[in-house]
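Overview (structure and organization)
Each chain, letter by letter, is given below.
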Amino acid sequence: MHSWRLRACLIVLNFNKVKNQRIVLLSLLVLMGTMACKNDAKNDAETQGLGDNDLLTVEAPPITGPESIAEIEKLVKSIDNQMDSLRAAGPVYVFEADGKEKVDVTVYSNQEAPQLVYCKAPKVESWYYLKDRRPVYLKEIALTEDGFVQNRFYYGTKKLIGAETRKGASPDATNTGEAGKYRGEKDDFRLSGEAATGKVLEYLLWETK
């Protein structure tokens, strides 16, 4: 590295009798700067190991969380016990896909991340309990012609691991109603952990606007 710079300096000294020494010196300085830039670029490319058309990719951390109904209910209870200390943001008014039904969304967070998303629509109230911004449990209470229905959904890291429904004459009565299997349509987003996560992320995005 230093040897070629020394040779360049000696060449400049040998041009004492040349009238255009300044031009020669300037040309050598430009050449030195160009070679230095090329070496720096080469070193950067070798360090990163990337080509001109390569993309830098980063592996996402694995999804973790409870994998049984008992573990999920334990997490839900833990979040419920923190409610007095959680920060509430909202309600934010979100319009669903049809653009007509308005949903009031309130996000409850601790210092680390959102823990609970509460949604209130004209006839449905929903509670999304979260781990790493991903729903692990969804409880909803809907008003029907016959009274109230409570639906519960338990999400593992890879799939839905439980879905049940209960009926009652009041919202509180649905907590002790007899549990039955929830039956929804194939496109019911509640039956898909990914779809439920998408819904939550949509609500969180509205909350941060």
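Residues numbered from 1 in each chain as written. Predicted model: local features only at pLDDT ≥ 70, side-chain atom pairs only at ≥ 80, totals over all residues. Heavy atoms only, no water.

Attention now moves to the confidence of the model for the protein chain. On average, residues of the protein chain score 79 in pLDDT, and 68% of them reach the 70 mark or higher. In the model, residues 1–38 has pLDDT below 50 throughout and makes 10 contacts with residues more than four positions away in sequence or in other chains. Low confidence marks residues 40–47, where pLDDT is under 50. Its contacts with residues over four positions away, or in another chain, come to 1 contact. (pLDDT = per-residue confidence, 0-100. Contact = heavy atoms within 4.5 Å.)

Glancing now at the nonpolar core. The biggest cluster of nonpolar side chains holds 18 residues, and the ones touching the most others in it are V103, V105, V117, C119, Y128, V200 and Y203. Among the secondary structure elements, those contributing two or more residues to this core are β1 (87–95), β2 (102–109), β3 (114–120), β4 (124–131), β6 (147–155) and α4 (193–208). Ranked by the residues each element gives to this core, the list is headed by α4, at 4 residues. Look past the residues within four positions of V103 in its chain and what remains in contact with it is V92, Y93, V94, E96, C119, K120, A121 and Y203. Listed in part, the 13 residues of the second largest apolar core include V76, L86, Y108 and W127. (Core = buried A, V, L, I, M, F, W, Y, C linked by side-chain atoms within 4.5 Å. Buried < 20%, exposed > 50% of the residue type's maximum accessible area, 1.4 Å probe, protein only. Helix = DSSP H or I, 4+ residues; strand = E, 2+ residues; numbered from the N terminus.)

Moving on to the sheet that holds β3. Strand order across the open sheet formed by 8 strands is β1-β2-β3-β4-β5-β6-β7-β8, with antiparallel pairing between neighbours. Whereas interior strands pair on both sides, the edge strands pair on one side only; in this sheet they are β1 and β8 (180–181). Here 6 bridges tie β2 to β3, and the two strands are oriented antiparallel to one another. Residue T106 lies in a different strand from β3, and its bridge partner there is Y118. (Pairing = 2+ DSSP bridges.)

A full pass over the atoms with the stated rule returns 5 aromatic pairs. Ring geometry for Y128 versus Y203: centroids 6.2 Å apart, planes at 65°, classification edge-to-face. With Y128 in strand β4 and Y203 in helix α4, this pair connects stretches of sequence that are 75 residues apart. Y128 sits in the buried class, given a relative accessible area of 3%. The exposure class assigned to Y203 is buried, which follows from its relative accessible area of 4%. Both rings, one in Y129 and one in Y137, keep their centres 5.6 Å apart while their planes meet at 50°; by these two values the pair is tilted. Looking at Y129, the relative accessible area reads 6%, which means it is buried. Just above the ring of Y93 sits the side chain of K102; from NZ or CZ to the centre is 4.6 Å. Over the ring of F189 we find K199; its NZ or CZ atom is 5.1 Å from the centre of that ring. (Phe/Tyr/Trp six-rings, centres within 6.5 Å; stacked < 30°, edge-to-face > 60°. Lys NZ or Arg CZ within 6 Å of the ring centre and 35° of its normal.)

With respect to the element layout, S109 can be found in strand β2. Apart from residues no more than four positions distant in its own chain, S109 is found in contact with L86, R87, P114 and Q115.

Let us now look at the pairing of strand β5 (residues 134–144). A large share of β5 lies buried, amounting to 9 of its 11 residues. Where β4 lies against β5, 8 bridges are found, and the strand directions are antiparallel. For L130, the partnering residue across the bridge sits in β5 and is P135. Counting the residues between successive antiparallel strands, the hairpin from β4 to β5 contains 2 residues, one of them, D132, with a positive phi of roughly 55°. Taken together, the 8 bridges between β5 and β6 define a ladder with antiparallel strand orientation. Paired with T144 across the bridge in β6 is G147. Counted along the chain from β5 to the antiparallel partner β6, the turn is 2 residues long.

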